[in-house]
2 protein chains.
Amino acid sequence: MGKVIDFQTDPSRYRHWRIAYNGEIAHLYMDVDESGGLFEGYELKLNSYDLGVDIELADIVQRLRFEHPEVKAIVLQSGKERVFCAGANIRMLGGATHAHKVNFCKFTNETRNALEAAGAESGQHYLCAIKGACAGGGYELALACDYIILTDDGASNVALPEVPLLAVLPGTGGLTRVTDKRKVRRDLADVFCSTEEGVKGKRAKEWRLVDEVAPNSKFAETIAARAREFAARSNRPIDAKGVTLAPLQRTFSDNGVAYSTVEVEIDRNARLAKITIAGPEDDTPASMEALSTQGAAGWTLRAARELDDAILHLRNNEFEIGLLVFRTQGDPALVAAHEKLLIDNRNHWLANEILLLWKRVLKRIDLTSRSLVALIEPGSCFAGPLAELAFAVDRSYMAEGEFDGDNRAIAALALTEGNFGLYPMSNGLTRLQTRFLGEPERTEAARTKIGAALEAEEAKSLGLVTFAFDDVDWEDEVRIFLEERASFSPDAMTGMEANLRFAGPETMETRIFGRLTAWQNWIFQRPNAVGESGALKRYGTGLRGEFDRRRV
Amino acid sequence: MGKVIDFQTDPSRYRHWRIAYNGEIAHLYMDVDESGGLFEGYELKLNSYDLGVDIELADIVQRLRFEHPEVKAIVLQSGKERVFCAGANIRMLGGATHAHKVNFCKFTNETRNALEAAGAESGQHYLCAIKGACAGGGYELALACDYIILTDDGASNVALPEVPLLAVLPGTGGLTRVTDKRKVRRDLADVFCSTEEGVKGKRAKEWRLVDEVAPNSKFAETIAARAREFAARSNRPIDAKGVTLAPLQRTFSDNGVAYSTVEVEIDRNARLAKITIAGPEDDTPASMEALSTQGAAGWTLRAARELDDAILHLRNNEFEIGLLVFRTQGDPALVAAHEKLLIDNRNHWLANEILLLWKRVLKRIDLTSRSLVALIEPGSCFAGPLAELAFAVDRSYMAEGEFDGDNRAIAALALTEGNFGLYPMSNGLTRLQTRFLGEPERTEAARTKIGAALEAEEAKSLGLVTFAFDDVDWEDEVRIFLEERASFSPDAMTGMEANLRFAGPETMETRIFGRLTAWQNWIFQRPNAVGESGALKRYGTGLRGEFDRRRV
């Protein structure tokens, strides 16, 4: 699978989804093109999906939020006759590398979370209307919706057949959402998850697997009624005009990719990528009207989209790059000013959506299994959302004082109100709260510094950066660290970082990315699943998996 | 490693620990016998440990609670001159099977949790006094103590060198306790966990890695003062007489082991073990005095110890047994009466200790990575602590009504007050609360049934059992289920059960057994650690590990 995976798409290129807009309610049809797989070697039968299908879905969810402010409820259903969705394509999984499987699951998980977030944060509620077989990843897609309706036609069902059929877990949040979102009784969950044929009709409702069962004759009208109810609860604006998400301007080269605000430079020998984000060059738009007119060209929206795409590109196409080094260049006061317009206008749907996008992008960085470093250098602009990068990384290095021959501004961090609540991590805390879990008074001390240009000494004494070095030591210290980090086992780094980054409370999200994903990754290494006689490999051959019977 | 591992020991057989009792303060010395390894092929140099060393520690912690009610603080230190503890023995780990590594970590984790529980629940506080190198599992042992004092002699240090040195995680709770118990700032934790040489002196205190640093000259007096302070906070009784934990009466056979109250029958073809617990035969002791006189012979204490040993035996010696089938036989009213004496006398240290032991044993069952089933048959006594077994299992089958030709009492479950708070799971909830997370009113409904003999129909309608079958269907239904379960991939079962059993809140314990353990298990499968050129395998050869550089 050496092909470069592109996470950018647009409606003109969709092969697997159709969407119909009818005022406040949209109808989204999953209608996967069998021959439209991202790679060779499998057909996407029975509405099964691969990463390409999910990239389109993620694009739809994103565009709904920005381009269709009027939509309040989305009814998700199948575009095919007798099947809702058979889940992730098994042949694709069977043939994929470990790294592709893991990153495929991570991205689909993030898309499911985005679906939930759209309802919870943004008043765009997804309702899932199931007719036909809804199995595995298909049911996990339903689980991510705010409401599930199942038709009671004697055949339609929901199922998580992964364990009995494939000897792997339902890895896109299925187990966690069954126990923690739908709160299915654990013994019933055990029965459900070990039953290939799933559960249908009233029992699915009794077991809390779906919210409602409707007879076939009343299915359409029930869905319509529920969609109207969800729409009525939404506070989406009525007359707002959407912002078109124009194609990103990107130039790929052998060793990186350049966007308008983000530059990725890959050093393959050092196994690292430098990601440099340029702050805004223009003044803050005078009003939300002006910002709306800028649309996707405005710095805050553009930089978030570009950063997101850069991270996804590195995650899925550059497996040997173990370190992401975040740098910024620009005017911190201008970054803060652009953010302030959004904060001051949070009641405006577009300001809100841009802030929420930054929240998602920053979460995606937290969840990226590469070592993350911030270099806070002269001329940098780690302020507001960009300051979050300095708190998202595993450690940060800050340049202290003037650097010989460097006429850029002395390095300074700048906190804004945004750093104290707008960009929570998956654990529900801000990055500063997580950082100062043992010393909550430090979060309060940092709050008193909002607006100040915090140079290295002060930033370090506030606990905001890990190390500060002057220009005598800077280069050596940073180089030694980067070299050392690159010498460690990538797997040990992945495990260590996954544990150290998320102190404090757990949420459904952290459980999905922590517990569930880690177990799935383990299983994705085990011969019982992926060996030549494993169940995943043998699927479709007519042979069952042969298992090593030892428990561990 | 085909040898049978025995979890029973006593002070006369200790090879690795010494303990000195001085009234309310005990001094525990780790002094590992290099040649006392549990298996061939490694020497336990530098106070490194294997499972055998930890079995002794677990025995000490248990005996302190029962045999030494007067002890309020335990000072844990090294019996060797220049090293505190080098952690788990690397050669042992390098040579061990995956299953042994995983179960070794699980048991040591449970022992660390027992250390913490002794302080939190029982007023026996562990203080760790570190002189010399304290690395890896050595520091994880310190982390499980209530207080850590480090001598500031310029050499003594604490370290978690697993990641840089061995390419594995600190797997005995280290990462989790660093972030969530000691709340070390995440970037400092990152530095600490990727630094082979660790941290010493004042920096260890500044980084929250230890509670106090004392100069060598004042080390002994500081420890003594802190131990007195912890002892002063304890509410352990002053004049109580301990209960000696007499050796368990056991008879091992090829296909099981028989205790006085617990019988384990292994069916190797079916890959299952039936564990039958016999309820008490004698009346409840008339008073706590009478119970104290019975000592370890009393049913509640005896049954808990026997059940615990049976579980440990199956976990560590019977890897191909994938299903544990719990059965009981006896008088449920008598089980409830024996428990009631303890509940009515919770202020009595011994009653409290017996209840807390049941809590630990039941948690050990929750954490056992085998499929768990309860068969609630005629003549059974699933009441109080034994009813918890029916809620700990993945699913339960209950016999409905009279069984032809069976003159035992009709199967009935009996709830007691104990089921509503005395035996919380690792997630901090009772098993009933966890079970009814989505329907908390059901927990309240169950509470109104305390004391009633709940036959199958009622138990099922209350949601307390998964299935109920009469004697026409019972045998086939149970057989079909057991056969089906045994046919599934053991790995998929492990992952599924680890996810479904612990809905609801997360605690440090669930994070250790969920997130941390799952990532460690994954790493324990990865060639970067355990392959021929992996860091764990190569340790001690003078060669560094060679790594596949791809991130996943």
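Throughout, residues of each chain are indexed from 1 in the direction in which the sequence is written. Working convention: letters from A go to chains and numbers from 1 go to ligands, in the order in which they are written. Only residues with pLDDT of 70 or above have their local features reported here, since the model is predicted, and side-chain atom pairs are shown and tallied only from 80 upward, although totals for entire chains, interfaces and linings are computed over all residues. Excluded from the side-chain calculations are hydrogens and water; all other atoms, namely the structure's heavy atoms, are used.

Helix and strand definitions here come from DSSP, where helices need a minimum of 4 consecutive H or I residues and strands a minimum of 2 consecutive E residues; each element is numbered from the N-terminal end. Tallying secondary structure elements over chain A gives 22 helices and 20 strands in all. Taking 24 Å as the expected radius of gyration for a compact globule of 552 residues, we find that chain A reaches 24 Å, a close match to that expectation. In terms of its C-alpha atoms, chain A occupies a principal-axis envelope of roughly 75 × 60 × 45 Å. Exposure is judged per residue with a 1.4 Å probe applied to protein chains only, and the accessible area is read against the type maximum: over 50% gives exposed, under 20% gives buried, and values in between give partly exposed. Taken over 552 residues, chain A has a buried fraction of 66%. Long-range contacts, defined here as pairs at least 24 residues apart, represent 75% of the contacts in chain A between residues at least 6 apart. Surface accessibility in these figures is a Shrake-Rupley result with a 1.4 Å probe; residues are shielded only by whichever protein chains are displayed. Entry remark: accessible area of chain A is about 19,300 Å², with carbon and sulfur atoms responsible for 46%. All radius of gyration figures rest on C-alpha atoms, and the globule criterion is 2.2 Å times the number of residues raised to 0.38. What makes two residues a contact is simply this: any of their non-hydrogen atoms within 4.5 Å.

Our next topic: the packing of aromatic side chains. All names here are of chain B. Note on ring pairs: Phe, Tyr and Trp rings are taken, using the six-membered ring of Trp, and paired if centres are within 6.5 Å. Classes follow the plane angle, with under 30 degrees stacked, over 60 edge-to-face and the rest tilted. Scanning the model with the defined rule gives 22 aromatic pairs over all chains in all. Both rings, one in Tyr49 and one in Phe104, keep their centres 6.0 Å apart while their planes meet at 40°; by these two values the pair is tilted. A residue pair is termed long-range when its members are at least 10 positions apart, and Tyr49 in strand S3 (residues 48-49) and Phe104 in helix H3 (residues 98-122) qualify at 55 residues. Exposure class is identical for Tyr49 and Phe104. Each is buried.

A few words now on helix H6 (residues 174-181) of chain A. Counted residue by residue, H6 of chain A has 7 buried out of 8 residues, so it is predominantly covered. Listing the buried residues of H6 of chain A in full gives Gly174, Leu175, Thr176, Arg177, Val178, Thr179 and Asp180 of chain A. Packing partners of the buried residues in H6 of chain A comprise helix H3 (98-122), helix H4 (137-143), helix H7 (186-193) and helix H20 (508-523) of chain A together with helix H19 (490-500) of chain B.

For the pair chain B and chain A, the relating rotation is 180°, the translation along its axis is 0.0 Å, and the fit reaches an RMSD of 0.0 Å. Here the copies are linked by what is in effect a two-fold axis. Comparing contact sets, 100% of the residues at the interface of chain B also lie at the interface in chain A, consistent with an isologous, same-surface contact. Here the copies are superposed with least squares, the fitted atoms being C-alpha atoms of residues at a pLDDT of at least 70 in both.

Take the sheet that holds strand S2 (residues 25-30) of chain A next. All names here are of chain A. Strand pairing follows a simple DSSP-based rule, namely that at least 2 bridges must link the two strands. Read across the sheet, 6 strands follow the order S1-S2-S4-S7-S9-S12 without closing on themselves; strand pairing throughout is mixed. Single-partner strands in this sheet number two, and they are strand S1 (17-22) and strand S12 (212-214). Between one strand axis and the next, the sheet turns by 20° as a mean value, whatever way the strands run. Axes, fitted as lines to C-alpha atoms, cover a helix only where it is in contact. Angles between the N-to-C directions of the axes lie from 0 to 180 degrees. Packed on one face of the sheet, helix H1 (residues 51-67) meets S1, S2, strand S4 (73-78) and strand S7 (125-130) and runs near 15° to S1.

With that settled, the discussion passes to the packing of helix H1 (residues 51-67) of chain B against helix H13 (residues 349-366) of chain B. Residues and elements named next belong to chain B. Two elements in contact, H1 and H13, have axes whose closest approach is 10 Å; the angle formed by their N-to-C orientations is 150°. The orientation of H1 relative to H13 falls into the category roughly antiparallel. Seen from H1, the contacting residues are Gln62, Arg65 and Phe66; seen from H13, they are Trp349, Leu350, Glu353, Ile354, Leu356, Leu357 and Arg360. Side-chain classes follow a simple rule in which Ala, Val, Leu, Ile, Met, Phe, Trp, Tyr, Cys and Pro form the nonpolar group, Asp, Glu, Lys and Arg form the charged group, and the remainder, Gly included, forms the polar group. Classifying every residue of the contact of H1 with H13 gives 6 nonpolar, 1 polar and 3 charged. If an angle is under 35 degrees, it is roughly parallel; if it is over 145, roughly antiparallel; if it lies from 65 to 115, roughly perpendicular; otherwise it is oblique.

Next up on the list: the side chain of Arg431 of chain B. Residues and elements named next belong to chain B. Among the structural elements, Arg431 can be located in helix H15 (residues 431-435). There is a polar contact of 2.8 Å between the side chain of Arg431 and the side chain of Asp366. For Arg431, the side chain forms a polar contact with the side chain of Glu388, separated by 2.8 Å. In contact with Arg431, other than residues within four places in its own chain, are Leu362, Lys363, Asp366, Glu388, Phe391, Ala392, Tyr423, Pro424 and Met425. A 3.5 Å cut-off defines polar contacts: any pair of N or O atoms within that distance qualifies, except that in protein one atom must be a possible hydrogen donor and the other a possible acceptor, and neighbouring residues in sequence count only when both atoms are side-chain atoms.

Turning next to the interface of chain B and chain A. Opposite the 90 residues of chain B that make contact, chain A presents 90 residues. Around 8,600 Å² of area is buried between chain B and chain A when both sides are counted, 55% of it from carbon and sulfur atoms. When the area that chain B buries against chain A is broken down by residue, the three leading residues are Arg186, Arg515 and Arg551 of chain B, summing to 13%. Note on definitions: salt bridges are taken to be side-chain nitrogens of Lys or Arg within 4 Å of carboxyl oxygens of Asp or Glu. Summed over the shared surface of chain B and chain A, the result is 16 salt bridges. Summed over both partners, the accessible surface that disappears when two parts come together, traced with a 1.4 Å probe, is what is meant by buried area.

In this model, helix H9 (residues 219-233) of chain B (15 residues) spans 22 Å end to end at C-alpha, consistent with the 21 Å of a helix rising 1.5 Å per residue. Turning to H9 of chain B, its buried residues number three or more, namely Phe219, Thr222, Ile223, Ala225, Arg226, Ala227, Phe230 and Ala231 of chain B. Each residue after the first adds 1.5 Å to the expected span of a helix.

All names here are of chain A. Following both chains from N to C, one finds helix H11 (residues 299-317) and helix H13 (residues 349-366) inclined at 25°, their axes separated by 10 Å at the closest point. The angle between the axes of H11 and H13 places the two elements in the roughly parallel class. As for how H11 packs across H13, the hand of that crossing is left-handed. Packed against H11, whose contacting residues are Trp299, Thr300, Leu301, Ala303, Ala304, Arg305, Leu307, Asp308, Ile311, Leu312 and Arg315, the element H13 presents Ile354, Leu357, Trp358, Val361, Arg364 and Ile365 at the interface. Each residue belonging to the contact of H11 with H13 can be placed in one class, and the counts come to 12 nonpolar, 1 polar and 4 charged. Left-handed describes a crossing in which the near helix is turned anticlockwise from the far one by less than a right angle; the clockwise case is right-handed.

Here we come to the confidence of the model for chain A. The quantity called pLDDT is the predictor's confidence in a given residue, expressed from 0 to 100. Residue-level pLDDT values for chain A average 96, and 100% of them are 70 or greater. Scored by ipTM, the complex comes to 0.95, with pTM at 0.96.

A word on unusual backbone geometry. Residues and elements named next belong to chain B. One non-glycine residue with positive phi stands out, namely Arg208, at about 70°. Checked against the element boundaries, Arg208 lands in the loop between helix H8 (201-206) and strand S12 (212-214). If you check the backbone angles, Arg271 has positive phi at about 55° while not being a glycine. Residue placement: Arg271 occurs in the loop between strand S15 (262-267) and strand S16 (272-278).

The next subject is the pairing of strand S16 (residues 272-278) of chain A. All names here are of chain A. In terms of burial, S16 is largely enclosed, as 5 of its 7 residues are buried. The pairing of strand S15 (residues 262-267) with S16 spans 6 bridges and is classified as antiparallel. Residue Val264 lies in a different strand from S16, and its bridge partner there is Ile275. In this structure, the hairpin formed by S15 and S16 is closed by a connection of 4 residues, where Arg271 is found at a positive phi of approximately 55°. Where S16 and strand S17 (residues 323-329) come together, 7 bridges link them in parallel fashion. The residue of S17 that forms the bridge with Ile277 is Thr328.

Residue placement: Arg395 of chain A occurs in strand S19 (residues 395-399). On the basis of relative accessible area, Arg395 of chain A is assigned to the buried category, the value being 5%. Beyond its immediate sequence surroundings of up to four residues, Arg395 of chain A is in contact with Leu372, Val373, Ala374, Thr466, Phe467, Phe481 and Arg485 of chain A together with Asp187, Asp190, Val191 and Ser194 of chain B. Within the local environment of Arg395 of chain A, its side chain forms a polar contact with the side chain of Asp190 of chain B, the two groups lying 2.8 Å apart.

Below, the discussion takes up the state of the cysteines. Any pair of cysteine sulfurs within 2.5 Å is marked as a disulfide. Tallied over the full model, the rule gives 0 disulfides over all chains. Cys134 of chain A supplies the cysteine sulfur nearest to Cys193 of chain A, a cysteine that is in no disulfide, at a spacing of 13 Å.

A separate point is the pattern of salt bridges. Oppositely charged side chains can form a pair if their charged atoms are brought close together. Evaluation of the coordinates by the stated rule reveals 104 salt bridges over all chains. For the salt bridge of Lys72 of chain A with Glu24 of chain A, the shortest nitrogen-to-oxygen distance reads 3.7 Å. Placement of Lys72 of chain A in the loop between H1 and S4 and of Glu24 of chain A in the loop between S1 and S2 is noted, with a sequence separation of 48 residues between them. In this structure, Arg364 of chain B engages Asp308 of chain B in a salt bridge whose closest nitrogen and oxygen atoms are separated by 2.9 Å. In this pair, Arg364 of chain B is assigned in helix H13 and Asp308 of chain B in helix H11 (residues 299-317), connecting sequence segments 56 residues apart. Among the charged side chains, a salt-bridge network with shared partners connects Arg186, Asp190 and Arg551 of chain A together with Asp394, Arg395, Arg485, Glu497 and Arg501 of chain B.

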